[in-house]
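Notes for the structure review
Listed here are the chains, written in short residue letters.
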Amino acid sequence: MKKNKISKNWINKHRRDIYVRKSKIEGYRSRAIYKLKEIDQKFKIILNGINIIDLGSAPGSWSQYLSEKSKNSKILSIDLKEVTKIDNVHHLIGNFMEEKNQSIMINFFGNKIDLVVSDMAVNTTGNKNLDAISTGELSMSAMDFSIKNLNKNGCFLSKLFMGSTFNEIVEKAKKNFKEVKIFKPPSSRKDSKENFIICKKIR
Ligand SMILES: C[S@@+](CC[C@H](N)C(=O)[O-])C[C@H]1O[C@@H](n2cnc3c(N)ncnc32)[C@H](O)[C@@H]1O
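Just so it is clear, the model here is predicted, and its values are computed rather than measured.

Basis of the calculations
- Residues numbered from 1 in each chain as written.
- Predicted model: local features only at pLDDT ≥ 70, side-chain atom pairs only at ≥ 80, totals over all residues.
- Near = placed C-beta within 6 Å.
- Helix = DSSP H or I, 4+ residues; strand = E, 2+ residues; numbered from the N terminus.
- Nonpolar A, V, L, I, M, F, W, Y, C, P; charged D, E, K, R; others polar.
- Core = buried A, V, L, I, M, F, W, Y, C linked by C-beta atoms within 7 Å.
- Buried ≥ 20, exposed ≤ 12 C-beta atoms within 10 Å, placed from the backbone.
- Contact = placed C-beta atoms within 7 Å.
- Axes fitted to C-alpha atoms, helices over the stretch in contact; angles between N-to-C directions.
- Parallel < 35°, antiparallel > 145°, perpendicular 65-115°, else oblique.
- Left-handed = near helix turned anticlockwise from the far one by under 90°.
- Pairing = 2+ DSSP bridges.

Another aspect to go through is the site of the ligand. The local shell around the ligand holds 23 residues, among which Ala32, Gly56, Ser61, Phe96 and Asp119 are the closest. Within the residue set of the shell around the ligand, elements represented by two or more residues are α4 (61-69) and β2 (74-79). Residues belonging to the shell around the ligand are distributed by class as follows: 13 nonpolar, 6 polar and 4 charged.

Structure follows, in structure tokens:
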């Protein structure tokens with residue numbers, strides 16, 4: 001199929017999508033909000049008064065939900081892109097993979113973090129296998145960062161694509177966390193290779 005035909009199909013599908021329409025009505029910046037909401041409803045990861053990092057946060061729907069749901073919490077988000085201000089969320093523009101940005105994030109809290117959520121994904125190339133590998137690398141680094149910087153009872157949530165790095169990431173999670181679950185929220189598109197990994201309690 002030609003590239004512009006693929007994008008027309010995507011735009012038509014996007015317009016018909018109930019989650020896109022719902023997010024517009026409810027004032028969220030992206031349909032991605034419903035994935036975090038469904039994960040939280042099932043796994044109860046967002047508590048009050050905790051330290052939270054939102055990785056790959058633009059345009060900001062996960063941060064909007066974190067800010068609403070988690071009162072009196074300290075929330076820091078990072079993305080390569082700018083994010084329009086959200087109440088009680090401090091945004092850092094930069095690459096999460098750079099050590100200097102990771103140091104800024106750690107220093108921002110001054111103590112350990114309770115929840116790291118990552119929806120980071122690279123710009124799609126059209127090659128689903130390659131995209132899964134690149135996004136897998138982001139997820140692996142986010143997990144490494146979480147293992148070092150989470151509280152003992154902390155939680156790490158990350159987007160994960162089915163692909164060659166999937167098993168490696170799940171294995172690593174099981175070695176380092178006591179509870180590991182894989183979940184595809186109902187609002188995640190059926191034709192997407194996307195899944196989420198929820199890891200609780202550092203070993
Ligand atoms: C699917 S979007 C996130 C949507 C967001 N959770 C929301 O609810 O609005 C993925 C984001 O990951 C970001 N991203 C990709 N690589 C990154 C990196 N190395 N550092 C920081 N952000 C990154 C992209 O810029 C993009 O905005």
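Leu55, Leu115, Val116 and Leu157 are the most contacted members of the largest nonpolar core, which totals 44 residues. Sort the elements by how many residues they give to this core and strand β5 (residues 150-161) lands first, with 6 residues. When residues no more than four places from it in sequence are discounted, the contact partners of Leu55 are Ile78, Phe96, Val116, Val117, Ser118, Met120 and Ala142.

It is worth spelling out the packing of helix α3 (residues 33-43) against α4 at this point. At their nearest, the axes of α3 and α4 sit 8 Å apart, and the two run at 40° to each other. In terms of their interaxial angle, α3 and α4 are classed as oblique. Relative to α4, the crossing made by α3 is right-handed. Residues Ile33, Leu36 and Lys37 of α3 form the contact with α4, whose participating residues are Ser61, Trp62, Gln64 and Tyr65. When the residues that make up the contact of α3 with α4 are grouped by side-chain class, the tally is 4 nonpolar, 2 polar and 1 charged.

Looking now at the sheet that holds strand β6 (residues 177-183). The strand order β3-β2-β1-β4-β5-β7-β6 describes an open sheet built from 7 strands, whose pairing is mixed. Unpaired on one side and paired on the other, β3 (89-93) and β6 mark the two borders of the sheet. The mean inter-strand angle of the sheet, taken between neighbouring strand axes irrespective of direction, is 15°. Most of the contacts of helix α6 (residues 128-149) go to β5, to which it runs at about 175°, and overall it touches β1 (51-55), β4 (113-118), β5 and β7 (194-202).

What follows covers unusual backbone geometry. The amide bond that connects Ala58 to the next residue, Pro59, takes the cis arrangement and shows omega of 5°. The topology assignment puts Pro59 in the loop between β1 and α4. Even without being a glycine, Lys44 presents a positive backbone phi close to 50°. Along the chain, Lys44 turns up in the loop between α3 and β1. Here the phi dihedral of Asn88 falls at roughly 65°; this positive angle occurs in a residue that is not glycine. With 14 C-beta atoms counted inside 10 Å, the residue Asn88 sits in the partly exposed group.

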